[in-house]
Amino acid sequence: VYRSVDSAASFTAKTNGLLNLHISSLAVAPNNAQAVLAGTVNDTVYSTGDGGELWVALPGFTSVDSVVIDNANNAYLGNQGGAYILPAGTQQWAYIAGTEWVNALAVGAGSRLFTGFGQLPFDSGAVGLFDGQVFHLLHDGLTGVTVNAIAVDAMDAQPRILAGTVGDGLLQSVDGGRTWTQVTG
């Protein structure tokens, strides 16, 4: 992990405590730029509260594909086993029921968690939404795809969602995931 404090004019390695340097995902807390999570390939997730001066392993995982932090400081992790939440101020990750093969995460308005999932090759993946209580599939128009990347416009209650897929390119929903159209092939 590298950090810049001068608008990317220079970078400094910040790896003290990181036992695995194969970083798959980074997440910065929206309310505290010093609080960062680093997901790793074939290892767990690491946390720092001091901008990367010291990283601490948060055990319990053997691989991490994606991490995000919402405005309420809840942390989320996605991997082959599913999606997990670490509620703010707690020490225990909790499985989000109904999720598996989570490749990508994004946070929408109201701390809603969007997941992109699917197992290669070309399993029936989709996009999911966790509203804090229940996991919902948003798969109308998504058949036989694996979603590897996801972005959400968090400024709208009916968010625009972009899903990067394997095989179908970039897909878009402008109605919160009820319908999908192909943007690229």
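The numbers attached to residues start from 1 for each chain and follow its sequence in the written order. Local features in a predicted model are, by the rule used here, given only for residues with pLDDT of at least 70; side-chain atom pairs are given and counted only at 80 or more, and totals for whole chains, interfaces and linings are based on all residues. In computing side-chain values, all of the structure's heavy atoms are included and hydrogens and water are not.

Below, the discussion takes up the nonpolar core. Considering soluble globular proteins, one finds that nonpolar side chains tend to be buried as a cluster. Counting 27 residues, the largest nonpolar core has Y76, I96, F114, V127 and I150 as its most contacted members. Within the residue set of this core, elements represented by two or more residues are strand 9 (82-86), strand 11 (102-107), strand 12 (113-117), strand 13 (126-130), strand 14 (135-138), strand 15 (146-152) and strand 16 (161-166). Only buried residues count toward a nonpolar core, which is a set of Ala, Val, Leu, Ile, Met, Phe, Trp, Tyr and Cys residues joined through side-chain atoms within 4.5 Å. Each residue is placed in one exposure class: buried if its accessible area under a 1.4 Å probe, protein chains only, is under 20% of its type's maximum, exposed if it is over 50%, and partly exposed if it falls in between. Of all hydrophobic cores here, the second largest spans 13 residues; its members include A27, L37, I69 and A75. Counting from the N terminus, the helices are the DSSP runs of H or I reaching at least four residues and the strands are the DSSP runs of E reaching at least two.

Before going further, it helps to spend a moment on the sheet that holds strand 6 (residues 56-58). As a general point, the strands of a sheet are linked pairwise by backbone hydrogen bonds and lie either parallel or antiparallel. Spatially, four strands are ordered 3-4-5-6 in an open sheet, and the strand pairing comes out antiparallel. Each end of this open sheet is capped by a strand with a single partner; those strands are strand 3 (23-29) and strand 6. Shown here is a sheet whose adjacent strand axes are inclined to one another by a mean of 25°, direction ignored. Strand pairing is defined by DSSP finding a minimum of two bridges between the two strands. Taken together, the four bridges between strand 4 (residues 32-40) and strand 5 (residues 45-48) define a ladder with antiparallel strand orientation. Looking at the pairing, L37 lines up with S47 of strand 5. Axes here refer to lines fitted to C-alpha atoms; in helices the fit is confined to the stretch in contact. Angles between the N-to-C directions go from 0 to 180 degrees.

Let's shift gears to the side chain of N79. Tracing the chain through its elements places N79 in strand 8 (residues 75-79). In protein, a polar contact means a hydrogen-donor-capable atom and an acceptor-capable atom, both N or O and within 3.5 Å, with residues adjacent in sequence counting only if both atoms are side-chain atoms; elsewhere, any N or O pair within 3.5 Å suffices. Of note is the side chain of N79, whose polar atom sits 3.1 Å from the backbone oxygen of S63. Only heavy atoms matter for contacts: two residues are in contact if any of them lie within 4.5 Å across the pair. Contacts of N79, omitting those with residues within four sequence positions, involve F61, S63, V64, D65, Y84, W101 and V102.

The subject of this paragraph is the sheet that holds strand 15. In space, the four strands of this open sheet follow the order 15-16-17-18, with antiparallel pairing throughout. One side of each edge strand has no neighbouring strand; the edge strands of this open sheet are strand 15 and strand 18 (181-182). As paired elements, strand 15 and strand 16 share six bridges and run antiparallel to each other. Bridge pairing in strand 16 links I150 to A163.

The computed volume of the largest pocket comes to approximately 380 Å³. As for the largest pocket, its lining consists of 20 residues, of which L37, S47, L58, L86 and T90 are closest to the centre. Put simply, the parts of the chain that give the lining of the largest pocket at least two residues each are strand 4 and strand 5. With four residues, strand 4 is the single largest residue contributor to the lining of the largest pocket. Think of it as three bins: nonpolar holds Ala, Val, Leu, Ile, Met, Phe, Trp, Tyr, Cys and Pro, charged holds Asp, Glu, Lys and Arg, and polar takes everything else, Gly as well. Each residue belonging to the lining of the largest pocket can be placed in one class, and the counts come to twelve nonpolar, eight polar and no charged. Only protein atoms enter the 1 Å grid, on which a cavity is a set of points fitting a 1.4 Å probe that cannot get out and a pocket is an open set with protein on both sides within 12 Å along at least 5 of 7 lines, lining residues being those with an atom within 4 Å of a point. Grid points are joined across faces, edges and corners, and a volume is the space filled by probe spheres set on the points. Here the second largest pocket is characterised by a volume of approximately 150 Å³. Of all the elements in the fold, those that place two or more residues in the lining of the second largest pocket are strand 1 (2-3), strand 3 and strand 4. Its residues placed into classes, the lining of the second largest pocket shows seven nonpolar, two polar and two charged.

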